[in-house]
Amino acid sequence: FKTKKQNVIPSFTEFAKDYLEYAKQNKKSWDRDMYSLRRLEPFFGNYKLTEISPILIERYKLDRLKAVSNRTVNIELVLLKRMFYLAISWDKGEINPMHKVNLLKEPGPKERILSYDEEERLLVSSPEHLRPILITALQTGMRYSEILRLSWKDVDLENEYIHITESKSGKGRNIPINETLKKALLELNSEHFVSKSVGTINVDDKMCYNTKVLHRRRAGLRIQWALRSWGFKSPLRHQ
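What you see as residue numbers is a count from 1 along each chain, following the sequence as written. Given that the model is predicted, a residue must reach a pLDDT of at least 70 before its local features are reported, and side-chain atom pairs must reach 80 or more before they are shown or counted; all residues, however, enter totals for whole chains, interfaces and linings. Excluded from the side-chain calculations are hydrogens and water; all other atoms, namely the structure's heavy atoms, are used.

A short note on the environment of Phe 12
Argument step 1. Here Phe 12 is to be found in helix α1 (residues 12-26).
Argument step 2. Distance in space between the C-alpha atoms of Phe 12 and Pro 42 is 9.8 Å, their sequence separation being 30 residues. In this description a helix means any DSSP run of H or I spanning at least four residues, a strand means any run of E spanning at least two, and both kinds are numbered starting from the N terminus.

Below you can see the structure in the form of C-alpha cells.
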C-alpha cells in the first residue's frame, strides 16, 4: 500500500535560512527581514514551526516591548506572519498562529517642518561631498536608497524633474526639481552625480545609517532621515 509521506517540520532556525534565501531573490528589502530574524531567532529558534503558538508569540511581544517600540515589534510580527504563510505553501507548516495575534497600536506620524535655521545648520555641519545628498533629500523627500541609485540619465534638468525607476513600491514616479535643487545639481562635477559622492559605501551597510546619524548630531537636530515618510519637510521644498 502506498502511504502518504509525512512532511518533515523544520525548526524556526532551519526555516529562517530557507526564508532568507527566498527573500534575497524576491524582495528588495530583504535586508530588513534579516535584521528582524536576528531578533526572532533567539526566542523561537529551537521550536518546530508547529510548536509556535499564539500565546508563545504574545510572550515574545511582551519581551520585545521592554526594549523597542510598537512599530519595531509590528515589523517583526508581520515578517513572522509572512514566514508562516510561506511555510504552509511549501508544506513545511500546518497553520498560521499569527491569525490569532493582534498587532500593536502605533501612534500616527508627527508633522514637523524644519525651520530655515535648522536646515542651514544641517547643511553647514555636513561635509561638502554629502551636501548634495542632503539637499536632494530635503527638496524632494526621496529615500536614501533612491538617492544613491540615481544617475544623470534619471535627471531631466530641462523639464525639471527626476525620474525614479526603482522605488519601494516597485513603481516608477517623477519628482519635480525646484530652483534650490537645480542649482545644487548644476554645481556638481559633470562626471559625478549625487550617488557617486559617497564613494564605495554599500547602500545596505550600517555605515550609511551611522553617517546620517553623525551629521544630524553635529547639526544638533534629532530628526529621521526619511523626511517625507516621517513627516519632516523642508521650508524651501515647494519654492
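Now, onward.
What to know about the side chain of Asn 74
Argument step 1. Following the sequence through the fold, Asn 74 ends up in helix α4 (residues 70-89).
Argument step 2. What makes two residues a contact is simply this: any of their non-hydrogen atoms within 4.5 Å. Contacts of Asn 74, omitting those with residues within four sequence positions, involve Leu 103, Leu 104 and Glu 106.

As for helix α8 (residues 179-186)
Argument step 1. Summary of the burial criterion: residues with accessible area below 20% of their type's maximum are buried, those above 50% are exposed, and those between are partly exposed, where the area comes from a 1.4 Å probe applied to protein chains only. Every buried residue of α8 is accounted for by Leu 181, Ala 184 and Leu 185. Each buried residue of α8 lies within a common arc of 100° when the element is viewed along its axis, so the set occupies one face. The outward face of α8, more than 90 degrees from its buried face, is lined by the exposed residues Glu 179, Lys 183 and Leu 186.
Argument step 2. Contacts from the buried residues of α8 go to α6 (131-140), β2 (155-156) and β3 (161-164). Think of it as the arc spanned by the lines of direction from the helix axis to the C-beta atoms.

Topic: the confidence of the model for the chain
Atomic detail in the predicted coordinates should be set aside for any region of low pLDDT.
Argument step 1. pLDDT: the predictor's confidence for each residue, scored from 0 to 100. The share of residues in the chain with pLDDT of 70 or more is 74%, and the mean pLDDT across the chain is 79.
Argument step 2. Between the elements of the chain, mean pLDDT differs from a low of 43, seen in helix α9 (residues 206-219), to a high of 97, seen in helix α3 (residues 54-64).
Argument step 3. Across residues 197-218 the pLDDT falls below 50, and counting only partners more than four positions away or on other chains, this stretch makes 31 contacts in the model.
Argument step 4. Taken together, the stretch residues 235-239 has pLDDT below 50 and engages in 19 contacts with residues farther than four places along the chain or on a different chain.

Comments concerning the side chain of Ser 125
Argument step 1. Its place among the elements puts Ser 125 in the loop between α5 (116-124) and α6.
Argument step 2. The exposure class of Ser 125 is buried, given its relative accessible area of 18%.
Argument step 3. Pairs of N or O atoms within 3.5 Å make up the polar contacts considered here, provided that, within protein, one atom can donate a hydrogen while the other can accept it, and that residues adjacent in sequence are counted only when both atoms are side-chain atoms. A polar contact of 3.1 Å, which involves the side chain of Ser 125, links it to the backbone oxygen of Leu 122.

What about the nonpolar core?
Argument step 1. Formed by 26 residues in total, the largest nonpolar core has its most connected members in Phe 12, Leu 37 and Phe 44.
Argument step 2. Every element with two or more residues in this core is listed here: α1, α2 (30-44), α3 and α4.
Argument step 3. Looking at this core, the element that brings in the most residues is α4, giving eight residues.
Argument step 4. When residues no more than four places from it in sequence are discounted, the contact partners of Phe 44 are Phe 12, Ile 52, Leu 56, Ile 57, Tyr 60 and Leu 80. The criterion is simple. A nonpolar core is a set of buried Ala, Val, Leu, Ile, Met, Phe, Trp, Tyr and Cys residues joined through side-chain atoms within 4.5 Å.

A short note on the pattern of salt bridges
Two side chains bearing opposite charge may form a pair once their charged atoms approach each other closely.
Argument step 1. Basic side-chain nitrogens of Lys or Arg form a salt bridge, by our definition, when they fall within 4 Å of a carboxyl oxygen of Asp or Glu. Counted by the stated rule, this structure contains twelve salt bridges.
Argument step 2. One salt bridge connects Arg 121 with Asp 117, and the closest N-O pair in it is separated by 3.2 Å. Of the two residues, Arg 121 and Asp 117 both sit in helix α5, four residues apart, roughly one turn of that helix.
Argument step 3. Judged by relative accessible area, Arg 121 falls into the partly exposed class, the value being 33%.
Argument step 4. The partly exposed category is assigned to Asp 117, whose relative accessible area is 44%.

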